Amino acid sequence: MSTPYYVSPEQIMQDKADFVRTGIERAKEVIVLEYKDGIVMVAENPLTTLFKISEIYDRIALAATGRIAEYEALRYLGIREAEIKGYTFNRADVTAKWLTNNIFSQRIAAIFWQTDTKPLEVELLLCELRADPDSSHRIYQLSFDGTFWEEQKYAIIGGRSDEISEILEGAYEDGLELKDAVKLAVNGFETIEAKADEDQRYHISADTLEVAVLDENRNRRKFRRLLPDELEEILAS
C-alpha cells in the first residue's frame, strides 16, 4: 500500500500566501488620502468597463486592487449586507468597522484558511467619512488573508505600496485642498513609474485616472466621482 502524499498545513498556508503576493505585486496601486473636506481615493485605471473605487453606503466607500472578479464579488457582498442592516435596524449602525470586521475580513479569511481553495487575490481599503467634526475619518486596510488594520491620514494598496508610502510620508500635509491631494497621489504614481523605467517619461492623464471622494459638504450620500473635465483641470493647474 502506497504512503499518502502529505503536506503540512503550515506549508500550504505559506504557499498560498506566496501565490497571492505574486499576483498583488502586479496589481496597479490605489491611494487614499484625507483632505480638507473628506477623503479622496485615486487609482490608475485606464479601463472604462470597471471601477476600482465604489460607493458602499451613505458615507462609506471601497477601494480595491487585484483580481477584478474577486473584488467585484466582495463589493456586491458589502453593498447587500449594508443595505440589509441599515433597513432592518438603523442606518447609523452601518459602519466601516462593522463591514471590515464582520463581513469582509471573515469572508476573505474563510476562503484563505481552507486548504483546498484558491485564496482571493485582492487588497482592500474601506473608507468612512466621520459623522461629526469631533470624530475622525476611518481608513481600514484588509489583506488577502483577512487580517486588517486601521491607517491614519493616507493608505496605499497594490504592488509597490511601500515605495509610494515613502514618497507620501515626506510630502503629505494635513488640510490639503482636493486638487493638491489628487496631484500628490498622481506624483506618487509617476515617481514610482519613473524609477522603474528611467529611460521613459511616464505621464498620467485624466483618461487613465479614476478618482472619487467622500465629501463632507454633500447631503446624506457623501460619495462622488470626479468627472474627466474636473481631472483635466486639476492636472493642468
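Scroll up to find the structure this text is about.
Residues numbered from 1 in each chain as written. Predicted model: local features only at pLDDT ≥ 70, side-chain atom pairs only at ≥ 80, totals over all residues. Heavy atoms only, no water.

Considerations on the sheet that holds strand β8 (residues 154-157)
Pairing in this open sheet of five strands is antiparallel, and the strands run β8-β1-β2-β9-β10 from one edge to the other. Each edge of the sheet is formed by a strand with only one pairing partner; in this case those strands are β8 and β10 (223-225). Within the sheet, the average angular offset between the axes of one strand and its neighbour, ignoring direction, is 15 degrees. Across seven bridges, strand β2 (residues 38-44) lies against strand β9 (residues 209-215) in antiparallel orientation. Bridging across to β9, Gly38 finds its partner in Asp215. (Pairing = 2+ DSSP bridges. Helix = DSSP H or I, 4+ residues; strand = E, 2+ residues; numbered from the N terminus. Axes fitted to C-alpha atoms, helices over the stretch in contact; angles between N-to-C directions.)

As for the side chain of His137
Along the chain, the position of His137 falls in the loop between β5 (122-128) and β6 (138-142). For His137, a relative accessible area of 7% puts it in the buried group. One polar contact links the side chain of His137 to the main-chain amide nitrogen of Arg130, over a distance of 3.1 Å. Beyond its immediate stretch of four places on either side in the chain, His137 contacts Glu34, Gly38, Ile39, Glu128, Leu129, Arg130, Glu150 and Glu216. (Buried < 20%, exposed > 50% of the residue type's maximum accessible area, 1.4 Å probe, protein only. Polar contact = N/O pair within 3.5 Å; in protein donor to acceptor, adjacent residues only side chain to side chain. Contact = heavy atoms within 4.5 Å.)

Some thoughts on the packing of aromatic side chains
Scanning the entire structure with this criterion turns up three aromatic pairs. Note on Phe112 and Trp113: the rings are 5.1 Å apart at their centroids and 85 degrees apart in plane angle, and the pair reads as edge-to-face. With relative accessibility at 3%, the residue Phe112 sits in the buried group. Ring pairs connect the aromatic residues Phe112, Trp113 and Phe144, which therefore count as one cluster. The ring of Phe112 carries Lys16 above its face, with NZ or CZ at 5.5 Å from the centroid. Over the aromatic face of Phe51 sits the side chain of Arg225, whose NZ or CZ is 3.5 Å from the ring centroid. (Phe/Tyr/Trp six-rings, centres within 6.5 Å; stacked < 30°, edge-to-face > 60°. Lys NZ or Arg CZ within 6 Å of the ring centre and 35° of its normal.)

Quick look at the pattern of salt bridges
Counted under the stated rule, the structure contains 19 salt bridges. The partner of Glu121 in a salt bridge is Lys118, with the nearest N and O atoms 3.1 Å apart. The class for Glu121 is buried, based on a relative accessible area of 5%. In this structure, the salt-bridge partner of Asp174 is Lys153, at a minimum N-O distance of 3.5 Å. Of this pair, Asp174 sits in the loop between α4 (161-169) and α5 (178-196) while Lys153 is found in the loop between β7 (148-151) and β8, placing the two residues 21 residues apart along the sequence. (Salt bridge = Lys/Arg side-chain N within 4 Å of Asp/Glu carboxyl O.)

Some details on a negative patch on the surface
Together, Asp162, Glu163, Glu166 and Glu169 line one region of the surface with negative charge. By the secondary structure assignment, Glu163 is in helix α4. (Patch = residues over 30% accessible without salt bridge, like charges linked within 9 Å, V, L, I, M, F, W, Y side chains within 5 Å. Areas by Shrake-Rupley, 256 points an atom, 1.4 Å probe, with all protein chains shown as cover. Lys, Arg positive; Asp, Glu negative; His and termini not counted. Charge placed at Lys NZ, Arg CZ, Asp CG, Glu CD.)

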